[in-house]
Amino acid sequence: MTIVGRSISPGKGRGEAIVLNEPLSFLGGVEGSTGELKVADGGNVAGKVLVFPKGKGSTVGSFVMYDLMVHGKQPAAVINESAETIVATGAVISSIPMVDGIQSVSLFRTGDIVEVDGDTGSVEITGVRVRRAVTSAIVRDGKVLLLKRPDTERSFPGKWSMVSGSIEDGESPEEAAVREIREETSMEPGPVAATAEQILVREGDVIWELHPFLFRLSSGDVKLNPENVGYEWVPVGDVGGYDTVDGMDLVLGSLDLC
Amino acid sequence: MQLTREEESILVGEQGPGRQKAMELVTALGKIYGAEGLIDITSAHLSGASYKTIGDGGLKYLEDMVAGGAKVSVPSTLNPVGMDRKRWKEMHISEHFAEKQLRIIDLYGAMGIRTTCSCTPYVGPNRPSFGDHVAWAESSALSFVNSYIGARTNREGGPGALAAAILGKTANYGLHLDVNRKATVVIDADIDGSVFSYSLLGQAVGMAIGHGIPYFKNIHPEVEEAKALAAAMAAAGSVALYHVEGVTPEASSQDLSGLETIHIGKKELEDAYAHLNRTDDVQLISIGCPHLTEKEMHQIASFLKGKEKINKDVEIWFCTSAEIRDRCPEDVREMERFGPVLADTCMVVAPIEGSFQRTGTNSAKAANYLPTLCSQKAMCRDIAALMEVVM
């Protein structure tokens, strides 16, 4: 799976990923002479691909990164959601390849083997496949249709989702969205009210490339097929209270629904 | 980002690895902040000079830069370091620290940077002109030149400013552009006009707005007041530019329609004072953050004339530049009855935590940083009130 981000510091690096979910201050967060990580679950950054949302803290952090390089303990590469001055400066002066502009650190798992190309901004997560799917928000009277997936479902068992399914060969995303709605709800969706850029969601060794759609209906009754075990019309603001599939918030946000 | 052919050639290494690295850094930062290209600068001011703050990583970085032949291509000055380069023993500095610190100063000098080691280069050797594009680090100094002089700089970090100084260029974004220099909030100020009241005003505004570009009404700062205001707002918030009605050069072109007005008066100044004062008892009093100007040296010397330091347990440091210290020998003699007049340094970047736990200052900026950077409990009062502690 290749993700295209933005090049910040040139060079190429490959290694096992360490993924942090919080912003990182190199000053206090990493020991410059040893590479020891002093936050999250610990570990050592030497030779690893360090993935975190963004830098924070003291500007001295740039020099901690340089200290790592001096001691041969620097990460193989750095990946951020959005680069800021401290980490970008540290990466450039220490010749550590760095890429930002990836959608979310949640696409990575600690232990993934990741290749970073700081010249082009591309990031390869090895052993992870991409699967293309659609997910449709069907909205009626300010409420969105959520379907309950059976516990036996391979993908996101037992979770609430919107009307979703894989895009089949030769099918456009919109055709897939309409087909899934007909199959799973037996409703007639009508015209597409909105779409958005695809959203990436990690599940095990799969990254779902989700194509969001919005359909607005004024009537129609849901008749489930066996793919789901229940449904509810849920006020858009209440979706957060449901145990949903990953990325639902991103999809709703991309369609300006929350 | 659009680079010229020459800039591209530097980026691919045709002018050597040192300039290539500098170009990589300037373009990386430009990319992050959405610059469309680079812009020529007329000067630079560099931070990252104290061994205490940059450590061995920073020292090695500078050694490698010098070994790679790095040279600045525009007039550049250096921020304060961790000690007075001659009188460091009076500051309880260890031999080890002094050796490393002197090495850092030499390395900056080897790159062609004037090692003035002051945070107020604009009253001395490095004074930009209106409209100049510059690359300055040191939050108080860059806010002063943006605001009081009308030069243009972003908040550069140490390595970024050094890279810009080497290239003579920085990324053209943020405060280099007219569109980003517009006032974002109006401050209706009610203060007594003393330098200390400007320090508290800056603290209160920094606390109230965080970031943004304030437009002040009802104040009339001169250099010393503008310096205190800039320093406090940059420390309490991250303000890098302000306008003052009838005073600063870009104030008259501001459009204030639709802007929120915040009143800062007695109550807000009292809140700021309470925020900064966390002890009534100090071991060190340090005055000169940012560095004392010649006028402030005269004022302090005349205030101290005829007075005696009774409490010998409390040390007093006055901080300024070597140039100004040399220029005021009589003031220095008067002041040194109370404590050393130090050059090149200040209480924030010196390793005072090895010798003191409680420090008094007249600077809101210092009082913000003393707890975090120096593990001190801070007292923040005007100079007369500070001196009462020892008289």
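These figures come from a predicted structure and were not determined experimentally.

The rules behind the values
- Residues numbered from 1 in each chain as written.
- Chains lettered and ligands numbered in written order.
- Predicted model: local features only at pLDDT ≥ 70, side-chain atom pairs only at ≥ 80, totals over all residues.
- Heavy atoms only, no water.
- Buried < 20%, exposed > 50% of the residue type's maximum accessible area, 1.4 Å probe, protein only.
- Helix = DSSP H or I, 4+ residues; strand = E, 2+ residues; numbered from the N terminus.
- Pairing = 2+ DSSP bridges.
- Salt bridge = Lys/Arg side-chain N within 4 Å of Asp/Glu carboxyl O.
- Domains from an automatic or database assignment.
- Contact = heavy atoms within 4.5 Å.
- Buried area = accessible area lost by both parts, 1.4 Å probe.
- Polar contact = N/O pair within 3.5 Å; in protein donor to acceptor, adjacent residues only side chain to side chain.
- Nonpolar A, V, L, I, M, F, W, Y, C, P; charged D, E, K, R; others polar.
- Axes fitted to C-alpha atoms, helices over the stretch in contact; angles between N-to-C directions.
- Parallel < 35°, antiparallel > 145°, perpendicular 65-115°, else oblique.

## A few points about the pairing of strand E15 (residues 206-216) of chain A
Residues and elements named next belong to chain A. Taking burial as the measure, the eleven residues of E15 include ten buried ones, the bulk of the element. Of the strand pairs in this sheet, strand E13 (residues 194-195) and E15 are connected by two bridges, and their pairing is antiparallel. In the sheet register, Thr195 faces E15, and the bridge partner there is Phe213. In this structure, strand E14 (residues 199-203) lies alongside E15, joined through five bridges in antiparallel fashion. The residue of E15 that forms the bridge with Val201 is Trp208. Connecting E14 to the next strand, E15, in antiparallel fashion are two residues, including Gly204 with a positive phi near 60°.

## Focus: the pattern of salt bridges
Residue and element names in this part refer to chain B. In the structure shown here, the tally under the stated rule is 40 salt bridges over all chains. Between Lys295 and Glu222 there is a salt bridge; the shortest N-O distance is 3.3 Å. Highlighted residues: Lys295 in helix H10 (residues 294-304) and Glu222 in the loop between strand E7 (214-217) and helix H8 (223-236), separated in sequence by 73 residues. Residue Glu222 is classed as partly exposed on the basis of its relative accessible area, which comes to 45%. Note that Glu270 is salt-bridged to Lys266, the shortest N-O span being 3.0 Å. On the criterion of helical spacing, the pair formed by Glu270 and Lys266 is a turn pair, its members being four residues apart in helix H9 (residues 266-276). Glu270 sits in the partly exposed class, given a relative accessible area of 44%. For Lys266, a relative accessible area of 63% translates into the label exposed.

## Description of the domain arrangement of chain A
All names here are of chain A. Considered domain by domain, chain A is made up of domain 1 (2-125) and domain 2 (129-254). Domain 1 and domain 2 are separated by 34 Å when their C-alpha centres are compared. Across the boundary between the two partners, domain 1 contributes eight residues, which contact seven residues of domain 2. Between domain 1 and domain 2 lies a buried interface of about 570 Å² when both sides are counted; carbon and sulfur atoms form 50% of it. Considering only the side of domain 1, the residues that lose the most area to domain 2 are Gln103, Leu107 and Arg109, jointly responsible for 75% of the buried surface there. Counting across the interface, domain 1 meets domain 2 through three residue pairs in polar contact (both at pLDDT 80 or more). Taken together, the residues of the side of domain 1 that touches domain 2 break down into four nonpolar, two polar and two charged.

## A word on the environment of Val139 of chain A
All names here are of chain A. Relative to the assigned elements, Val139 resides in strand E9 (residues 129-140). On a C-alpha basis, the gap between Val139 and Val234 in space is 9.2 Å, while along the polypeptide they are 95 residues apart. If we skip the residues at most four places from it in the chain, Val139 touches Val144, Leu214, Phe215, Arg216, Leu217, Trp233 and Leu257.

## Quick look at the environment of Gly237 of chain A
Assignment of secondary structure puts Gly237 of chain A in the loop between strand E16 (230-235) and helix H5 (248-254). Considering only alpha carbons, one finds Gly237 of chain A and Glu209 of chain A, 28 residues apart in sequence, at a separation of 25 Å.

## A closer look at the sheet that holds strand E3 (residues 76-78) of chain B
All names here are of chain B. Ordered by their spatial adjacency, three strands build an open sheet running E3-E2-E4, and the pairing between neighbours is parallel. On the outer flanks of this sheet lie E3 and strand E4 (135-136), each paired with one strand and no other. Here strand E2 (residues 44-46) runs beside E3; their pairing, made up of three bridges, is parallel. Within E3, the position partnered with Ala44 by the bridge is Ser76.

## Some details on the side chain of Gln254 of chain B
Residue and element names in this part refer to chain B. Among the secondary structure elements, Gln254 is positioned in the loop between strand E8 (243-244) and strand E9 (261-264). Among the residues examined, Gln254 registers a relative accessible area of 15% and is labelled buried. Ignoring anything within four residues of it in the chain, the contact list for Gln254 reads Arg181, Lys182, Ala183, Tyr215 and His243.

## Things to note about the packing of helix H2 (residues 61-70) of chain A against helix H3 (residues 51-67) of chain B
As a packed pair, H2 of chain A and H3 of chain B sit with axes 8 Å apart at the nearest point and diverge in direction by 70°. Taken together, the axes of H2 of chain A and H3 of chain B are roughly perpendicular relative to one another. Taken together, the residues of H3 of chain B that come into contact with H2 of chain A (itself represented by Phe63, Tyr66, Asp67 and Val70 of chain A) are Ile54, Asp56, Gly57, Gly58, Lys60, Tyr61 and Asp64 of chain B. Taken together, the residues that form the contact of H2 of chain A with H3 of chain B break down as five nonpolar, two polar and four charged.

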